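Listed below, chain by chain, are the residues.
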Amino acid sequence: MQLTVWQRFRTRTFLFAVGVSRRMVVGARAVLIDGNKVLLVKPTYLPGWHFPGGGVEPGETAENAAAREVLEETGYEAAGRPALHGLFLNRSVASDRDHVALYIWRDFANRRAFVPNFEIADCRWVERGNLPPDTEPGTAARVAEIFGGTTAPAEWLP
């Protein structure tokens, strides 16, 4: 997927600022599953549909970061312990030091209605076999692995 000039600038600026203080960036994403549906978000700063998620803060576990981000971005509160689907190197045009922990929750509750904001333009449940055409390729690959029972690779993009 192509980033716009603005998205590339924002991503590179953010990763540069983080890179000054840390050599490696650790992020966490959450997969909420309801039957055959997954919850996806459409960020304002990246093209396409993604799992909710974000950076792991100092002193925070990746699991807690994923739960926090899903609540902040979607209004859903993850409950119980999730399954760790994998830890992935997420190479991009901006960085090769982004690692993402992907957690799966099947137990959650809607705590507030989603409202589009500066960070997330849209949030919706989608059928696993009918992902939007502009779903980010790594996200689509993880959906196929989770529902197909295949082994995940070491890198986010297949």
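To keep things clear, this report deals only with the structure shown in the data block.

1. Some remarks on the pairing of strand β2 (residues 37-43)
For step 1, the next point in the chain: Across the seven residues of β2, five count as buried, placing the element largely inside the fold.
For step 2, the next point in the chain: Pairing geometry for strand β1 (residues 25-34) and β2, over two bridges, is antiparallel. In the sheet register, D34 faces β2, and the bridge partner there is K37.
For step 3, the next point in the chain: Between β1 and β2, which pair antiparallel in sequence order, lie two residues; one of them, G35, sits at a positive phi of approximately 65°.
For step 4, the next point in the chain: In this sheet, strand β8 (residues 120-127) lies alongside β2 in antiparallel orientation, the contact comprising seven bridges. Among the inter-strand pairings, L40 is bridged to a residue of β8, identified as R124.

2. Considering the environment of A28
For step 1, the next point in the chain: Mapping A28 onto the fold places it in strand β1.
For step 2, the next point in the chain: Distance in space between the C-alpha atoms of A28 and A66 is 5.0 Å, their sequence separation being 38 residues.
For step 3, the next point in the chain: Look past the residues within four positions of A28 in its chain and what remains in contact with it is P52, G53, G54, V56, A62, A65, A66 and A101.

About the cut-offs
Residues numbered from 1 in each chain as written. Predicted model: local features only at pLDDT ≥ 70, side-chain atom pairs only at ≥ 80, totals over all residues. Heavy atoms only, no water. Buried < 20%, exposed > 50% of the residue type's maximum accessible area, 1.4 Å probe, protein only. Helix = DSSP H or I, 4+ residues; strand = E, 2+ residues; numbered from the N terminus. Pairing = 2+ DSSP bridges. Contact = heavy atoms within 4.5 Å.

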